[in-house]
Amino acid sequence: MDVRLWSVVAEPVALATAGVGAAARQGGRAVFGVGADALVVIVDGGFRTADEVSVSGPFPRQVEKLLIGDGGRVPVVAFARLPEGCLALGGARVVRMGHRRGVLHDLGLYLDAPLTYDLLDRVRPTAPPPAQPDVDWVELLPGAPEAALQQFVAGWYGDLPAAATPAGDGPEPLRAFYRAAAGRPEVYGVSTRIWPEPISSPELPEGTLGFGQEGDGVFTLLMEEGARNPPVYYHGLSDRPLRERERLAGYLLLSALSHAAMDSSPGGMAFVDKAQVKRIVAPLRKVPMKPMRWPSARSRFYVGPGIVVLVGDDDADWYEVYVGARHRSLLRRLRKLGLDWEVFDG
């Protein structure tokens, strides 16, 4: 039985698209239809983007055997449950099968036909944002980056539980960073990790200590020994240590902003031109610090209540933009700019 894409049908009709002998199976928040033609998945939530859906288990044993036994090649037809029925999403591909203790725990589906934003809002309703922390900390810059860091972290991560943690044994800016983090691992970063204490190693240049590393190990962050606010270097980005423009205190603030922009969900990443950059940052405040040397040669930051944007340029024509937000609805404005997102879950 054929069902028109994005039509709303009753659940029995949706299940019947599995073909001859279709039988319904309940698993977690999803309902599955197993038949001769396809595996039907009726999902209740789990939409991350317009074309990515996560389906949580537990899964019926018959469905698990079908997916694993066929190597994920069984035709999959997806529907989304709405109050008025099941919205036909069309074909989907299984792009992830997560296991826990040998049992299928979750599925990642990729839709053949991405949803429009209007349809995405129907299957993934987004409430208005709550009150967001202000960005008055920008006024402390460039003179007091440690105080600005404290205020930014307290606002951006204020809804995460904090805990008392040892301040470590590094220079004061690094200890201040860990006091601000207050035991919340999200502050330490994913794209780049900041360590609680600097380490020495014979593999590092003489007179330097390591205090962090890029998530894939591309570079190690170095500081010079002995100073209260030492220079910072990247070890591994070039044939010799590359000095960052800001010293440690300023760098740690910019690092925290980069974590918020690059590691947050909801968020997004896109390559854009100069005119698009202007539209993205128009309502935001520029962070008055020297540009970071990573992830682009000149990486600058713009902030607003609940949103951080990193704009990086390596040449005059194209910019690499990362956007992170504390609430999905804060990204709604960016939908209207016609950007070609590499990743976007706003």
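Our structure is the block above this text.
**Student:** Can you tell me about the overall build of the protein chain, naming the residues and giving the values?
**Tutor:** Scanning the protein chain for helices and strands turns up 8 helices and 19 strands. Dimensions of the protein chain, computed from C-alpha atoms along their principal axes, come out at roughly 75 × 45 × 40 Å. A burial count over the protein chain gives 49% of its 346 residues as buried. Counting contacts in the protein chain only where the partners sit at least 6 residues apart, residues at least 24 apart contribute 56% of the total. A total of about 16,300 Å² of accessible surface is found on the protein chain, and carbon and sulfur atoms cover 51% of it. In the protein chain, the 38 positive side-chain charges and the 41 negative ones have mean positions that sit 3 Å from each other.

**Student:** Let's hear about the nonpolar core: which residues, and what values?
**Tutor:** Trp137, Phe152, Ile194, Phe211, Tyr251, Leu257 and Val308 are the most contacted members of the largest nonpolar core, which totals 44 residues. The element best represented in this core is helix α7 (residues 248–263), accounting for 9 residues. Phe211 has contacts with Leu174, Arg193, Ile194, Trp195, Pro198, Leu221, Leu222, Met223, Val232, Leu248, Tyr251 and Leu252, leaving out every residue within four places of it along the chain. Among the nonpolar cores identified, the runner-up in size contains 30 residues, and Val53, Phe59, Leu104 and Leu109 belong to it.

**Student:** Describe unusual backbone geometry, naming the residues involved and giving the relevant values.
**Tutor:** Cis geometry is adopted by the peptide bond preceding Pro142, which originates at Leu141 and carries an omega value of 5°. Looking at the element boundaries, Pro142 is found in the loop between α3 (117–123) and α4 (145–156). Omega for the bond connecting Ser265 with Pro266 falls within 30 degrees of zero, at 15°, which places this linkage in the cis form. Within the secondary structure layout, Pro266 lies in the loop between α7 and β14 (267–272).

**Student:** Report on the packing of aromatic side chains, specifying residues and quantitative values.
**Tutor:** With the rule as written, the count across this model stands at 10 aromatic pairs. Taking the centre distance of 5.8 Å and the plane angle of 55° together, the rings of Phe32 and Phe59 count as tilted. Of this pair, Phe32 sits in strand β3 (residues 30–34) while Phe59 sits in the loop between β5 (52–56) and α2 (61–69), placing them 27 residues apart in sequence. The class for Phe59 is buried, based on a relative accessible area of 9%.

**Student:** If you had to explain the side chain of Glu246 to someone new, which residues and values would you point to?
**Tutor:** If you trace the backbone, Glu246 turns up in the loop between β13 (242–243) and α7. From its side chain, Glu246 meets the backbone nitrogen of Lys290 in a polar contact 2.9 Å long.

Scoring rules and cut-offs
Residues numbered from 1 in each chain as written. Predicted model: local features only at pLDDT ≥ 70, side-chain atom pairs only at ≥ 80, totals over all residues. Heavy atoms only, no water. Helix = DSSP H or I, 4+ residues; strand = E, 2+ residues; numbered from the N terminus. Buried < 20%, exposed > 50% of the residue type's maximum accessible area, 1.4 Å probe, protein only. Contact = heavy atoms within 4.5 Å. Areas by Shrake-Rupley, 256 points an atom, 1.4 Å probe, with all protein chains shown as cover. Lys, Arg positive; Asp, Glu negative; His and termini not counted. Charge placed at Lys NZ, Arg CZ, Asp CG, Glu CD. Core = buried A, V, L, I, M, F, W, Y, C linked by side-chain atoms within 4.5 Å. Phe/Tyr/Trp six-rings, centres within 6.5 Å; stacked < 30°, edge-to-face > 60°. Polar contact = N/O pair within 3.5 Å; in protein donor to acceptor, adjacent residues only side chain to side chain.

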